[in-house]
Amino acid sequence: MMHTAVGWHVELEFKEDDQHTRAAALVRLPDGSEVRAHGHATRHRVDSNQPRVGEEIAGARALNELAMQLLTKAHDEIDAASGRTSHTINV
């Protein structure tokens, strides 16, 4: 049987104007470290103003960057613990 050992909470914050949406993502890890990432979206001038769509795109880009940083962090920790270069972690 599996037990939940830890939980992660990811925070997303958005800043918007008529054309741009910026997202900031943050996750605090159990060891006290934080990983931060950013994403953006730009509305084309002929598209209707749909803030939710900009948030979804900018948020997805920030979360994608966050995921890549976490993979790199894990890869570096594997290398440090093993004393060798490990295989690339694929997405």
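Note: the structure precedes this text.
Residues numbered from 1 in each chain as written. Predicted model: local features only at pLDDT ≥ 70, side-chain atom pairs only at ≥ 80, totals over all residues. Heavy atoms only, no water.

Considerations on the overall build of the protein
Here's step 1: Helix and strand counts for the protein stand at one helix and three strands.
Here's step 2: Secondary structure of the protein in N-to-C order comes out as β-β-β-α.
Here's step 3: The C-alpha radius of gyration computed for the protein amounts to 17 Å, which surpasses the reference 12 Å derived for 91 residues by more than 25%, pointing to a less compact arrangement than a globule.
Here's step 4: C-alpha extents for the protein along the principal axes are approximately 55 × 30 × 25 Å.
Here's step 5: Put simply, the protein has 91 residues, and 21% of those count as buried.
Here's step 6: Long-range pairs, those at least 24 residues apart, make up 38% of the contacts in the protein with a sequence separation of at least 6.
Here's step 7: Accessible area for the protein stands at about 7100 Å²; split by element, carbon and sulfur atoms hold 53% of it.
Here's step 8: Across the protein, 10 positive and 14 negative side-chain charges occur, with their mean positions spaced 3 Å apart. (Helix = DSSP H or I, 4+ residues; strand = E, 2+ residues; numbered from the N terminus. Rg over C-alpha atoms; globule rule 2.2 N^0.38 Å. Buried < 20%, exposed > 50% of the residue type's maximum accessible area, 1.4 Å probe, protein only. Contact = heavy atoms within 4.5 Å. Areas by Shrake-Rupley, 256 points an atom, 1.4 Å probe, with all protein chains shown as cover. Lys, Arg positive; Asp, Glu negative; His and termini not counted. Charge placed at Lys NZ, Arg CZ, Asp CG, Glu CD.)

Describing the sheet that holds strand β3 (residues 34-42)
Here's step 1: Taken together, the three strands give an open sheet; going across it, the order is β1-β2-β3, and neighbouring strands pair in antiparallel fashion. Sheet topology places β1 (10-16) and β3 at the edges, where each strand pairs with a single neighbour. With strand direction ignored, the average angle separating the axes of adjacent strands in the sheet is 15°.
Here's step 2: Packing against the sheet, helix α1 (residues 51-82) makes contact with β1, β2 (20-28) and β3, and its axis sits at approximately 145° to β3. (Pairing = 2+ DSSP bridges. Axes fitted to C-alpha atoms, helices over the stretch in contact; angles between N-to-C directions.)

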